[in-house]
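Fold and contact review
Single-letter residue listing:
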Amino acid sequence: MSIWEYANPKKFIATTTPVIPWAFGGAGVCILGGLAWGFFLTPEADKFGSSVKIIFVHVPSAMMAINAWAMMLVASLVWLIRRHHVSALAAKAAAPVGLTMTLIALFTGAVWGQPMWGTWWAWDPRLTSFLILGLFYLGYIALWEAIADPDQAADLTSVLCLVGSVFAILSRYAVNFWNQGLHQGATLSMDAEENIADVYWLPLLVCIAGFILLFLALVLMRTGTEIRVRRLRALERQAQRAVA
């Protein structure tokens, strides 16, 4: 068995269709359980009060915004190298999900920043690079819609994805690159002194697992839809040529 077997659209749909309901179910359990645990069963932080609990939405959404672009990068490279249409359609399917995660992270970050920093927004290195990443998501989606030829659209959006990956990396490591700005260091870290307290860490991991499952379910579902739409358009073109 080879992983490239799943580049066959029929194989991909047949394999992923049974997985999608389970992924949605697991996402619902983890997200609802993690949020309930985090919001109602954890104490207020000494310096941050109850506002610290926004991390149970902010951190998972920010992680998925960056990792969604990483997934799109891998899928785009597969398209450029091996020309598998499923990979290009998977990248296309992931973009709106990644954009939504970016918007959630920016919004919850602003809600956190106003009471903590006294401002809704600051041109902090991580915040700025994250905003630019969101603009790349918008540009990627717009480019797919603007080009009629699907293969040409896949080529150009794949190149755009390669360029945008720079800002995905900056969004993740900006605090390490520039020792300045308002944004604090990593919430999850191998450094015991920097890592968040266990009382918040465990429900946060549950929420992260839920967001990962939600992303997986949405991308698989949207990729299947994109495959069917592509097939339908191909049949329509065949019918039009037959009539002509």
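Sequence positions are assigned chain by chain, starting from 1 and proceeding in written order. Predicted model: local features are reported for residues with pLDDT of at least 70 only, side-chain atom pairs are reported and counted for 80 or more only, and whole-chain, interface and lining totals are derived from all residues. Side-chain descriptors were evaluated using all non-hydrogen atoms of the structure, hydrogens and water having been removed beforehand.

Two rings belonging to Phe, Tyr or Trp (six-membered ring only in the last case) form a pair when the distance between their centres is within 6.5 Å. Interplanar angles under 30 degrees mark stacking, angles over 60 mark edge-to-face geometry, and anything in between is tilted. Within the structure shown, the criterion is met by 4 aromatic pairs. Aromatic side chains phenylalanine 39 and phenylalanine 56 sit 6.2 Å apart centroid to centroid with 85° between the ring planes, which places their arrangement in the edge-to-face category. Linking phenylalanine 39 in helix H2 (residues 19-40) with phenylalanine 56 in helix H3 (residues 55-82), this pair joins segments that are 17 residues apart in sequence. Summary of the burial criterion: residues with accessible area below 20% of their type's maximum are buried, those above 50% are exposed, and those between are partly exposed, where the area comes from a 1.4 Å probe applied to protein chains only. Phenylalanine 39 sits in the partly exposed class, given a relative accessible area of 32%. Judged by centre distance (6.1 Å) and plane angle (70°), the ring pair of tryptophan 69 and tyrosine 140 falls under edge-to-face. Secondary structure elements are taken from DSSP: a helix is a run of H or I of four residues or more, a strand is a run of E of two residues or more, and numbering for both begins at the N terminus.

UniProt positions are given in the numbering used here, feature names are shortened, and annotations may be inferred rather than shown by experiment. Those residues carrying the UniProt feature "transmembrane region" (unreviewed entry) are residues 20-41, 61-81, 93-115, 127-147, 159-179 and 199-221 in this numbering. Here residues 20-41 runs as 95% helix and 0% strand, with 30 Å between its end C-alpha atoms.

The next point concerns the environment of glycine 109. Along the chain, glycine 109 falls in helix H4 (residues 85-117). Glycine 109 gets classed as buried once you look at its relative accessible area, which sits at 18%. With 50 residues separating them along the chain, glycine 109 and valine 59 place their C-alpha atoms 9.2 Å apart.

It is worth spelling out a nonpolar patch on the surface at this point. Note on patches: the residues involved have over 30% relative accessible area and no salt bridge, like charges join within 9 Å, and the nonpolar side chains Val, Leu, Ile, Met, Phe, Trp and Tyr join within 5 Å. In this description, accessible areas are obtained by the Shrake-Rupley approach with a 1.4 Å probe, and a residue is regarded as covered only by the protein chains that are shown. Note on definitions: salt bridges are taken to be side-chain nitrogens of Lys or Arg within 4 Å of carboxyl oxygens of Asp or Glu. A cluster of nonpolar side chains, contributed by Trp37, Phe39, Phe40, Leu41, Leu202 and Leu205, occupies part of the molecular surface with about 610 Å² of accessible area. When residues of the nonpolar patch are traced back to their parent elements, those giving at least two are H2 and helix H7 (198-243). With 3 residues, the top contributor of residues to the nonpolar patch is H2. Mapping phenylalanine 40 onto the fold places it in helix H2.

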